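# What the coordinates show
The residues making up each chain are set out below.
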Amino acid sequence: MKSKISEIQNGHNIKICKSMKPEDRLIAFVNHSRLVMQIYQAGVDFRVRSKNSFKQRGLYRKDHES
Amino acid sequence: MRAKGPGQSALFLLDVIDILSQLRISYAVVGALAASFYGIVRASMDADAVISFQGSKGDHELLLSELMKAGFDATRRQGDVDDPISGVINVEDRYHNRVDLLMGIRGMKADIFSRTIDSAFLGSRIRIVSVEDFIAMKIFAGGPQDIEDIKGVLKVSAGKIDMALLQELTLNYGKKELKTLKTICRR
């Protein structure tokens, strides 16, 4: 897929990364990974809560897991 | 232990590096950390390094026992004869932060450790694979993310790459890899 918007976004990321020192990009990596993990964990928690809620209301089906 | 929760594999890597250094095991940080160091910052749930026991105090058995003594889960997997990775030690802490220690990649020469870059990182020092070795390894790996990492490095750190060395190192992995490098550089 070729997208003008995506290209602009990529250009923006490149500009930011170029303006940082390599050591700073390592710190950005640490923070970024931590945030991504938090978002992932929030998704896991949400799915567990939804599953329990469906179960309590007798609406749970196996295909809710996919 | 530096990691205080999940998603902190880079901090966990520092604990593992302490043990590697105690045993005088050569290492070079690769993977997403190196990709971020030279190119576009991206997230990863694990940290990777290549290691060599040449000139070290012991072998993989000693390393495994020291890692476990430190309270980490450590398992070793041996690659098949035709596997380009000869072996890996997977290390995990109690938060499931993971560090993969690769014990040799086909085509990778031992002098990779003499070209590593020493960098400050969260109050410690780490040795990161050279940009030329990084690109050559990524071309050999050849996956979509690997190619994206290379493109990022070429855009962010283009002026810091020794192109003659890069071609030489890439050729160590094969002629097909050198052709791929030339194609990527032309874009």
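The rules behind the values
Residues numbered from 1 in each chain as written. Chains lettered and ligands numbered in written order. Predicted model: local features only at pLDDT ≥ 70, side-chain atom pairs only at ≥ 80, totals over all residues. Helix = DSSP H or I, 4+ residues; strand = E, 2+ residues; numbered from the N terminus. Rg over C-alpha atoms; globule rule 2.2 N^0.38 Å. Buried ≥ 20, exposed ≤ 12 C-beta atoms within 10 Å, placed from the backbone. Core = buried A, V, L, I, M, F, W, Y, C linked by C-beta atoms within 7 Å. Expected span 1.5 Å × (residues − 1). Pairing = 2+ DSSP bridges. Contact = placed C-beta atoms within 7 Å. Nonpolar A, V, L, I, M, F, W, Y, C, P; charged D, E, K, R; others polar. pLDDT = per-residue confidence, 0-100.

### Quick word on the overall build of chain A
- Scanning chain A for helices and strands turns up 2 helices and 0 strands.
- Against the 2.2 N^0.38 benchmark of 11 Å for 66 residues, chain A shows a C-alpha radius of gyration of 20 Å, more extended than a compact globule.
- Expressed as lengths along the three principal axes of its C-alpha atoms, the size of chain A is roughly 55 × 30 × 15 Å.
- Scored against the burial criterion, the 66 residues of chain A give a buried share of 12%.

### A look at the overall build of chain B
- What chain B contains, in helices and strands, is 7 helices and 7 strands.
- Reading the helices (α) and strands (β) of chain B from amino to carboxyl end gives α-β-α-β-α-β-β-β-β-β-α-α-α-α.
- Since a compact globule built from 187 residues should have a radius of gyration of about 16 Å, the 16 Å found for chain B is in line with a globular shape.
- Summarising its shape, the C-alpha atoms of chain B cover approximately 50 × 35 × 25 Å along the three principal directions.
- Across the 187 residues of chain B, 43% fall into the buried class.

### A short note on the nonpolar core
- In this structure, B:Ala28, B:Val29, B:Val30, B:Leu33, B:Ala34, B:Val50 and B:Phe134 are the most contacted members of the largest nonpolar core, which totals 60 residues.
- Among the elements that take part in this core, helix H1 (residues 9-22) of chain B stands out by supplying 8 residues, more than any other.

### Considerations on H1(B)
- Between its first and last C-alpha, H1(B) extends 20 Å over 14 residues, near the 20 Å set by a 1.5 Å rise per residue.
- Across the 14 residues that make up H1(B), a large majority, 10, are buried.

### Comments concerning the pairing of strand E7 (residues 124-128) of chain B
All names here are of chain B.
- The pairing of strand E6 (residues 117-121) with E7 spans 5 bridges and is antiparallel. In the strand pairing of E7, Ile117 is matched with Ile128.
- With antiparallel pairing between neighbouring strands as the criterion, E6 and E7 make up a hairpin whose turn holds 2 residues, including Leu122 at a positive phi of roughly 50 degrees.

### Overview of the environment of B:Ser114
- Secondary-structure assignment places B:Ser114 in the loop between strand E5 (98-102) and E6.
- Remark: the alpha-carbon pair of B:Ser114 and B:Ala28, spanning 86 residues in sequence, is separated by 9.5 Å.

### Notes on the interface of chain A and chain B
- Taken together, the contact pairs 18 residues of chain A with 21 residues of chain B.
- Only helix H1 (4-19) and helix H2 (22-56) of chain A provide two or more residues apiece to the side of chain A that touches chain B.
- Each residue belonging to the side of chain A that touches chain B can be placed in one class, and the counts come to 9 nonpolar, 5 polar and 4 charged.

### Focus on the confidence of the model for chain B
Residue and element names in this part refer to chain B.
- Of all residues in chain B, 100% attain a pLDDT of 70 or more, and the chain-wide mean is 94.
- When pLDDT is averaged over each element of chain B, strand E1 (residues 26-30) comes out on top at 97 and helix H7 (residues 175-186) at the bottom at 92.
- Scored as a complex, the prediction yields pTM 0.89 and ipTM 0.86.

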